[in-house]
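Examination of the molecular architecture
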Amino acid sequence: MSTTPPDDGGPSPTTWHEAHESPDFVELRRRLRTFVFPTTGLFLTWYLLYVILADYAHGLMSIRVLGNVNLGLLLGLLQFVTTFLITVLYIRFANRRLDPLAEAVRERVEGGRG
Amino acid sequence: MTHPTTTTGPLLAQTAGGSPYLNMGIFGIFVLITMIAVFRASRNTRTAADYYAAGRAFSGSQNGVAISGDYLSAASFLGIAGAIAVHGYDGFLYSIGFLVAWLVALLLVAELLRNTGRYTMADVLSFRMRQRPVRVAASISTLSVSFFYLLAQMAGAGGLIALLLGIQDRVGQSIVIAVVGALMILYVLIGGMRGTTWVQIIKAVLLIAGAGVMTLWVLAMYGMNLSSLLGAAVDASGTEEILNPGLQYGISELTRLDFLSLAIALVLGTAGLPHILMRFYTVPNSKEARRSVQWAIWLIGLFYLFTLVLGYGAAAIVGRDTILDAPGGVNSAAPLLAAELGGPLLLGFIAAVAFATILAVVAGLTITASASFAHDIYANVIKRGKLDDKQQEVRVARITAVVVGLVSILGGIAANGQNVAFLVALAFAVAASANLPTILYSLFWKRFSTTGALWSMYGGLGITVTLIIFSPAVSGSETAMFPGADFAWFPLSNPGIVSIPLSFLLGYLGTVLSKDRPDEAKFREMEVRALSGAGAEKATEH
């Protein structure tokens with residue numbers, strides 16, 4: 001990527017500017033951010049909480065829950081479950097709520113190329 | 001393996017390397033199959049997009065498998081299973097950080113990066129900044145992370161050779177390291193990114209299938225009941241503590257803080273690893289990049305669940321003391337378990353997969369380092385992006401790959417037997433400090449400027465490396481790289497807890513304190529590109 005437009009005569013700065021101000025793009029950015037920022041905050045907090053418990057609350061984490069399976073192992077496996085769950089939810093969200101808008105913006109920019 | 005029943009440590013140590021010819025034979029078959037794949041791939045490797053990004057023609061699922069092949073290094077396969085077998089629960093903690101980290105890549109990085117860049121991490125970071133200084137910084141960071149990671153992989157090869165091929169003397173081990181390195185250079189030179197990707201895919205399938213079979217086998221021995229397996233591990237280890245946290249990191253307040261620091265670096269480092277980021281350019285669009293991460297998360301998650309069973313299985317069936325007495329120590333848990341379960345044939349298979357793992361991961365790192373030098377430094381900084389002949393850039397990349405390969409062979413031989421386990425943690429800490437803040441700021445913060453990027457990248461790299469040099473990992477402790485010397489003043493072996501927040505802070509301060517203003521038109525263009533995929537590089541047609 002150089003600071004001059006690419007050789008194939010890509011979209012002009014005006015095209016990018018207009019696309020950036022378009023309602024479709026503003027909505028696309030809003031949807032993306034309102035999903036990914038809180039979700040990131042959530043899973044990082046939950047991960048840190050788990051790590052701190054495993055690191056500092058040994059007594060609590062050693063409590064047996066199911067046979068030889070203790071709370072620490074259960075919470076650890078729960079980290080796997082939440083990771084898989086967030087993945088599935090995001091994929092569904094992106095396919096349904098992001099992709100159609102992204103396509104509209106993309107067509108607007110690339111169609112304007114002539 | 002002439003002694004199928006194993007009772008004592010020394011006996012097992014022999015059997016672990018007892019059929020080196022079988023082990024080498026199975027590895028030879030792997031090399032043959034991957035070579036055929038690499039030669040087939042080379043027919044379509046002509047342009048820069050072919051060499052660096054495999055023509056962007058891989059599907060999301062293929063790339064997802066390749067990503068798991070790239071990510072599941074020998075350290076995470078042998079290392080985590082062994083850590084669980086010996087340290088119990090604390091070994092399991094690693095794998096959780098390694099997995100959760102992928103959500104950062106999925107939600108914040110993969111798709112936006114695929115839409116904005118072409119070949120390297122620097123493409124994205126320099127997009128709206130002053131090109132040359134940012135490219136140089138991003139390239140230095142890429143080369144550093146790749147080098148630390150590479151050295152860790154190659155240094156581990158020596159122990160693996162002793163364990164699996166029964167070669168104990170240093171000269172013999174050095175020859176094997178050189179052969180593995182030479183094979184890797186050949187893969188990268190001939191096949192480029194397309195060939196390397198096929199090596200990753202074949203290796204990942206073998207690794208996950210092998211671990212899966214062993215997992216079912218172990219579980220079947222305990223009536224498919226995890227609780228019985230854990231009970232057996234407790235009985236064999238003679239301590240219930242193997243199920244509880246704290247066996248490795250609970251020793252003192254300092255070790256606890258050290259673990260917290262490691263955990264932060266693991267979860268934030270993955271999305272800043274250049275060889276992982278580069279994999280997102282091998283698919284045709286951002287939707288396939290998203291699908292790649294989805295596949296990677298399923299496969300990596302599944303694999304770490306396998307290692308949990310394998311680790312406790314090794315503790316129950318092989319026994320903790322036997323593992324620690326074997327050559328290779330902790331790393332021998334999975335191979336010894338394979339020998340116990342399936343005899344020499346399964347051991348040979350697992351041994352071959354372990355070598356394949358080193359080969360594949362090192363190949364991925366080498367192509368990343370060579371792409372960064374050729375594309376960022378040579379083509380865009382030295383030639384100022386005015387290179388007419390793209391073939392010249394690919395030639396430089398190939399030469400760099402040979403140089404990187406030779407350096408890794410020499411480094412691997414020199415580091416053989418050294419305690420360089422901290423290098424993987426260092427690679428993650430540098431990735432999380434020097435790379436991730438700049439990636440996130442460039443994608444999401446409009447005001448972020450060139451000065452901020454430079455402060456964060458050089459600051460992050462400098463702080464992390466400095467803290468490691470003056471940490472107990474390098475001097476001043478029995479397990480240090482230089483146990484005889486003591487110049488340590490930083491108490492933690494993992495600098496992430498200090499270096500990551502400081503790097504974010506430096507990026508912020510560099511931006512608000514400097515006079516340079518961001519290029520707003522370029523930011524708008526970047527944001528539209530990143531979110532919509534407009535103007536993104538398409539797959540090349542053959």
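All values derive from a computational prediction rather than experimental measurement. (Residues numbered from 1 in each chain as written. Chains lettered and ligands numbered in written order. Predicted model: local features only at pLDDT ≥ 70, side-chain atom pairs only at ≥ 80, totals over all residues.)

**Comments concerning the overall build of chain A**
The cut-off we apply is this: Put simply, DSSP marks the helices as runs of H or I at least four residues long and the strands as runs of E at least two long, and each gets a number from the N terminus on. Burial is judged by counting the other C-beta atoms within 10 Å of a residue's own C-beta: 20 or more makes it buried, 12 or fewer makes it exposed, and any count in between marks it as partly exposed, with every C-beta position built from the backbone. By the criterion used throughout, residues are in contact when their C-beta atoms, derived from the backbone, lie within 7 Å.
Across its full length, chain A carries four helices and two strands. Walking chain A from its N terminus toward its C terminus, one meets helices and strands in the order α-α-α-β-β-α. Counting only residues that meet the buried cut, chain A has 30% of its 114 residues in that class. For chain A, the proportion of contacts with a sequence separation of at least 24, taken over those separated by at least 6, is 64%.

**With respect to the overall build of chain B**
This is how the line gets drawn: Throughout, radius of gyration means the C-alpha value; the globule benchmark is 2.2 Å times the number of residues raised to the power 0.38.
Along its length, chain B carries 20 helices and zero strands. Rg of the C-alpha trace for chain B: 23 Å, near the compact-globule value of 24 Å for 542 residues, within the 12% margin. Seen through its C-alpha atoms, chain B measures out along the principal axes to roughly 70 × 55 × 45 Å. Put simply, chain B has 542 residues, and 65% of those count as buried.

**So, the nonpolar core**
Residues and elements named next belong to chain B. This is how it is decided: Under the definition applied here, buried Ala, Val, Leu, Ile, Met, Phe, Trp, Tyr and Cys residues are grouped into a nonpolar core through C-beta atoms within 7 Å.
Residues Ala 314 and Ala 427 are the most contacted members of the largest nonpolar core, which totals 234 residues. Looking at which element gives the most residues to this core, the answer is helix 15 (residues 333-382), with 30 residues. Contact partners of Ala 427, with chain neighbours within four places excluded, come to Val 145, Phe 148, Tyr 149 and Ala 152.

**Side note on helix 13 (residues 286-317) of chain B**
The periodicity of an α-helix, 3.6 residues per turn, causes residues three or four positions apart to be oriented the same way. This is how the line gets drawn: Expected span, for any helix, means 1.5 Å times one less than how many residues it has.
Spanning 32 residues, helix 13 of chain B covers 45 Å between terminal C-alpha atoms, matching the ideal 46 Å at 1.5 Å per step. Burial within helix 13 of chain B is extensive, with 28 of its 32 residues counted as buried.

**What about unusual backbone geometry?**
Residues and elements named next belong to chain B. A positive phi angle is found at Ala 54, which is not glycine, with a value near 55 degrees. Following the sequence through the fold, Ala 54 ends up in the loop between helix 3 (48-53) and helix 4 (60-71). Using a count of 30 C-beta atoms within 10 Å as the deciding quantity, one classes Ala 54 as buried.

**Topic: the interface of chain A and chain B**
When the parts of a complex come together, some accessible area is lost, and that lost area is often used as the size of the interface. Note the threshold: Each residue receives one of three labels: charged for Asp, Glu, Lys and Arg, nonpolar for Ala, Val, Leu, Ile, Met, Phe, Trp, Tyr, Cys and Pro, and polar for the others, Gly being one of them.
The partner chain B presents 49 residues to the 48 residues of chain A that form the contact. Looking at side-chain class alone, the side of chain A that touches chain B contains 26 nonpolar, 17 polar and five charged residues.

**What about the packing of helix 4 (residues 71-111) of chain A against helix 20 (residues 520-532) of chain B?**
Here is the rule: For every element, the axis is a line fit to its C-alpha atoms; helices are fit only across the contacting stretch, and the angle between N-to-C directions ranges from 0 to 180 degrees. With respect to orientation, any angle under 35 degrees is reported as roughly parallel, any angle over 145 as roughly antiparallel, any angle of 65 to 115 as roughly perpendicular, and every other angle as oblique. Two helices that cross are described as forming a left-handed crossing if the nearer one is turned anticlockwise from the farther one by less than a right angle, and a right-handed crossing if clockwise.
Between helix 4 of chain A and helix 20 of chain B, whose axes approach to 9 Å, the crossing angle comes to 130 degrees. The orientation of helix 4 of chain A relative to helix 20 of chain B falls into the category oblique. Pair helix 4 of chain A / helix 20 of chain B crosses with left-handed handedness. Within the contact between the two elements, helix 4 of chain A uses Ala 102, Val 105, Arg 106 and Val 109 of chain A and helix 20 of chain B uses Val 528, Leu 531 and Ser 532 of chain B. Among the residues making up the contact of helix 4 of chain A with helix 20 of chain B, the classes are represented as five nonpolar, one polar and one charged.

**Comments concerning the UniProt feature "transmembrane region" (unreviewed entry) in chain A**
Residue and element names in this part refer to chain A. Basically, it comes down to this: UniProt positions are given in the numbering used here, feature names are shortened, and annotations may be inferred rather than shown by experiment.
In this numbering, the UniProt entry assigns the feature "transmembrane region" (unreviewed entry) to residues 35-53 and 73-91. The straight-line gap between the two end C-alpha atoms of residues 35-53 is 27 Å; of that span, 100% is helix and 0% is strand. Split by type, residues 73-91 is 100% helix and 0% strand. Its first and last C-alpha atoms lie 28 Å apart.

**Overview of the packing of helix 17 (residues 422-444) of chain B against helix 19 (residues 496-513) of chain B**
Residues and elements named next belong to chain B. Contact pair helix 17 / helix 19: the axes reach a minimum separation of 9 Å and the direction vectors enclose 25 degrees. Judged on the interaxial angle alone, helix 19 and helix 17 are roughly parallel. Crossing hand, helix 17 versus helix 19: right-handed. Here helix 17 contributes Ala 429, Ala 432, Ser 433, Ala 434, Pro 437, Thr 438 and Tyr 441 to the contact with helix 19, which in turn contributes Gly 496, Ser 499, Ile 500, Ser 503, Phe 504 and Gly 507. Residues that form the contact of helix 17 with helix 19 fall into these classes: seven nonpolar, six polar and no charged.

**Points about the environment of Val 474 of chain B**
All names here are of chain B. Among the secondary structure elements, Val 474 is positioned in the loop between helix 18 (450-469) and helix 19. Classification of Val 474 as buried rests on a count of 20 C-beta atoms within 10 Å. Spatially, the C-alpha atom of Val 474 lies 29 Å from that of Val 402, the residues being 72 residues apart in sequence.

**Examining the confidence of the model for chain B**
Residue and element names in this part refer to chain B. Counted only if it meets this: Confidence of the prediction at every residue is given by pLDDT, a number between 0 and 100.
The predicted model of chain B has a mean per-residue pLDDT of 88, with 96% of residues at 70 or higher. This model gives residues 1-15 a pLDDT under 50, and the stretch forms 24 contacts once residues within four places in sequence are excluded. Scored as a whole, the predicted complex attains pTM 0.92, and scored at its interfaces, ipTM 0.91.

**Brief notes about the confidence of the model for chain A**
In this model, chain A carries an average pLDDT of 89, and 89% of its residues clear a pLDDT of 70 or more. A low-confidence stretch, residues 1-7 of chain A (pLDDT under 50), is modelled with eight contacts involving residues beyond four sequence positions or located in other chains.

**A word on the environment of Gly 319 of chain B**
Here Gly 319 of chain B is to be found in the loop between helix 13 and helix 14 (320-325). For the pair formed by Gly 319 of chain B and Ala 236 of chain B, sequence separation is 83 residues and the distance between their alpha carbons is 6.1 Å.

**Quick word on helix 9 (residues 170-221) of chain B**
Residues and elements named next belong to chain B. Rules: Two axes enter the definition of the bend at a residue: one is fitted to the seven residues ending there, the other to the seven starting there, and the bend is the angle between them.
Compared with an ideal rise of 1.5 Å per residue, which puts 52 residues at 76 Å, helix 9 spans 39 Å between its outermost C-alpha atoms and falls more than 12% short. Gly 192 marks where helix 9 bends most, by close to 120 degrees. Positive backbone phi, at 60 degrees, marks Gly 223, one or two positions downstream of helix 9.

**With respect to the environment of Arg 46 of chain B**
Residue and element names in this part refer to chain B. Mapped onto the elements, Arg 46 comes out in the loop between helix 2 (20-42) and helix 3. Accessibility expressed as a C-beta count within 10 Å gives 16 for Arg 46, which makes it partly exposed. Sequence separation between Arg 46 and Ala 432 is 386 residues, and the spatial gap between their C-alpha atoms is 34 Å.

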